[in-house]
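# Commentary on secondary and tertiary structure
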Amino acid sequence: KLIGAAKALDLMLTGKQLKAERAKKMSLVDFTCDANALERTAVAVAMQAADGSIKPKKRKLGWTDWFLEKTAPGRSIMFGQAEKQVAKQSKGKYPAPYGILASVRAGLEGGHVAGSKVERERFAKLATTPESAALRGLFFGSTECKKNPFGTVATPVMTMGVLGAGLMGAGIAEVSATKSMRVLLKDRDLKGLSRGEAQITGNLGKKLTKNRLTKYAHDTAVSRIIGLTDAHASWKRHFAQADMVIEAVFEEMGVKHKVVAEMEAIVGDKCIIASNTSTLPIGEIASVAKRPQNIVGMHYFSPVDKMPLLEVIPHAGTSKEVCAAAVDVGIRQGKTVIAVKDVPGFYVNRCLGPFLAEAVALIQQGADPLNLNSALTDFGMPVGGVTLADEVGIDVSRHVVNNLVGEQPKFLGVRMEGADLTMLDAFVEAGFLGRKAGKGFFDYSDKQAKVKPINKEALAIIDKFRHPSKKADTLSKPELAERMVLRFLIEAVHCLETGVIRNARDGDIGAVFGIGFPPFLGGPFMYMDKLGAKTVVEKLSVLQKEHGDQFAPPKLLLEHAQSGRPFHGPASA
C-alpha cells in the first residue's frame, strides 16, 4: 500500500535494511528527524494528525504498478519472477519466502482480510518447521554468545597493538578501529605496512561509497590506526602503551616464541599478548613467557572483516581476567565469540580436518571434483569442499590436516585416516596452491570464466594417488555429501565429549559462523537431533564396516542413540 508490491517484495524477501532518508524517498516513512529530536517531533506530528493539519499520503499508482498489482497477467509475471529469484537464492532450503509470496498474493487478489488469513495459516505452519527451530536456535545461541562467560572486565582494552599487517593483521586492525579502539599496526617494513593500510582504506572506502559508513565514521576509524615499522624509532614506546597485543605473524613456533619474548620486554606487566594462530598450541606458545597468565589465543577467520566467528583459547595458565578481556574485545569488534579448549585445531579446524581428509579420500576413490563440489552446495554449504581447499590455500589446508595427524588423545589418530594425505604435499611441491597461485584443483588463469575448469595437471597428480580398489565414482551427490558431513559430525561430538567446546550450542554456532555449515540445519548438533542420534549411528556403522574406523561412532553419540536423548532440549519420549 505504501511503496507498491514489487518494492515491498524486494524488502520482505531479502530482509534489506534502509537508511532513513532512503525509506522516506520510497514513502515507507513520512518524516525523518535527528535522533535527539525524536520524541518532540513524534508528539508534534501526532498532534498535527489529530487536528487534521496533515494527512496520510496516498500513493499514486503508475502504469507499471497498476499492471503488476491490478491485472492477472501482471501479477503472474511479478510473482513468477519473484519465485524464480527465491528459488535461485534459497535453493529450496528455506520455506519462509514462499509463505511471504503466498500471503502477499492472497492480499493483492482477495484483499486485506484474505491476505491476513493466509499469513496466519502460513506463519503457524512455518513456526513448527525444523528450519524455524534451527534458525531460532542460532538466534538464541548467538545472543548468548554476546554475554561474557568469564565475567565483567575491570579495565577494557582501549589501545591494541597488532603485529603483522598481512591479510589477517590488517583485518583485525580494521574491525578494532571501527569499534573505537586505538590500533598500533606494525609490520617489518614499509612495503608490508602499506599493503595492510591499503586493504583497510580500500574496505572502508567501499563502505563509504555504499553509504554503509558516514564520512565522519570513516575518517575517525582511519585516524585511529597508527602505522609502524622496524624503522620507526618510536615503535617500542608506542607499544609500551598497549593494553593488548595480537600477533598475526608466520605460523611457526620459533617465530611465536620470539614475538612473546620481545613483547614481554616492551609492554606493561598487565598487557595481554594474544596469538591469532589457527593451529599451534597456545600452551606451547606461552611456555617461554615470563607472564604466561597474560597469554591467550584469539583465532579469527579470514577475511576478518566479513567472517563473524572468533575462537578464544585459554591455555591452562591463562588468567580469568585475561580470558574476560579477550572475549570482551571480540564482542566489541562485533564478533560472535566462543571459548574453546587448547587442543590442536581448536574446534572449527579440528572438525574441518577429517572433513577435508574425506574429500581427499573420495577424490582418490574416483569421485569427480566438480560433483563433490556441487554435492556440498546442494547440501547447503556456501562452497564445495574442493573449492574450499583452493580458496583457503592447499598449503594451508595441508597444514591444517597435518597438524591433526598423530596419536590420540591430543591428536586425532584413526579419525584422520581414509586418505593418502601426501597427495597435498605433491600439490604444494608442484606449486598448485589454489586460487592465490592461479592453479590448485581448479585452473584460475581465465579471470573472466565464471566456472573455473579443472586443472589438468592436478588430475595427473590425483591419478598417481588413485585408490587401487575402492570406487566412489558411482556415488550419488547426496551420498558424497553425507560421507564428508558425517566426518565433520563425528569430530564435533568428540569435541563436546572431551570438553573442547562448552556445550552443543557453541558447537552449532562455531560450525555455522566459522565455515558456513547450513544455517537452515542449525549446526551439526541441531542437525543430528533432526536426523536422530540412532539414525546417525546406523549410517556410521555401515560406513565403518566398509571403509574403516575413521567412521566409528563416538561414545557420546552411542549414548544419545541408546537413550533417545537429543543434544538440545528435553529427552525425547
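Our subject is the structure listed above.
Okay, so let's go over this structure. Everything numeric in this text was worked out from a predicted model, so none of it was measured. (Residues numbered from 1 in each chain as written. Predicted model: local features only at pLDDT ≥ 70, side-chain atom pairs only at ≥ 80, totals over all residues. Heavy atoms only, no water.)

Turning next to the environment of Arg105. Mapped onto the secondary structure, Arg105 falls in helix 6 (residues 96–110). Among the residues examined, Arg105 registers a relative accessible area of 26% and is labelled partly exposed. Considered as a pair, Arg105 and Asn148 are 43 residues apart in the sequence and their alpha carbons are 45 Å apart. The residues contacting Arg105, other than those within four sequence positions of it, are Arg75, Ser76 and Phe79. (Helix = DSSP H or I, 4+ residues; strand = E, 2+ residues; numbered from the N terminus. Buried < 20%, exposed > 50% of the residue type's maximum accessible area, 1.4 Å probe, protein only. Contact = heavy atoms within 4.5 Å.)

This part covers the pattern of salt bridges. Pairing of side chains with opposite charge becomes possible as their charged atoms draw close. Inspection of every chain in the model, using the stated rule, returns 26 salt bridges. With its nearest N and O atoms 3.1 Å apart, the salt bridge here joins Lys256 to Glu251. The shortest N-O distance in the salt bridge between Arg398 and Asp425 comes to 3.2 Å. Placement of the pair is Arg398 in helix 19 (residues 394–402) and Asp425 in helix 20 (residues 422–429), with a sequence separation of 27 residues. Classification of Arg398 as partly exposed rests on a relative accessible area of 26%. Take Asp425: its relative accessible area is 22%, and that puts it in the partly exposed class. Here the residues in one salt-bridge network are Arg59, Asp65 and Glu69, joined through shared partners. (Salt bridge = Lys/Arg side-chain N within 4 Å of Asp/Glu carboxyl O.)

Another aspect to go through is the side chain of Thr220. The residue Thr220 is located in helix 11 (residues 215–223) in this model. Given a relative accessible area of 16%, Thr220 falls into the buried group. Reaching out from Thr220, the side chain makes a polar contact with the backbone oxygen of Tyr216 at a distance of 2.6 Å. (Polar contact = N/O pair within 3.5 Å; in protein donor to acceptor, adjacent residues only side chain to side chain.)

Before going further, it helps to spend a moment on the nonpolar core. Counting residues in hydrophobic clusters, the biggest one holds 107 residues, and the most contacted among them are Met263, Tyr347, Phe441, Phe517 and Phe525. Considering every element that reaches this core, the biggest residue donor is helix 22 (residues 477–497), with 12 residues. Excluding residues within four positions of it along the chain, Phe525 makes contact with Tyr347, Ala492, Val493, Leu496, Ile501, Ala504, Gly507, Asp508, Phe567 and His568. Counting residues in each nonpolar core, the second largest holds 38 residues, with Val162, Leu193, Leu213 and Ile225 among its members. (Core = buried A, V, L, I, M, F, W, Y, C linked by side-chain atoms within 4.5 Å.)

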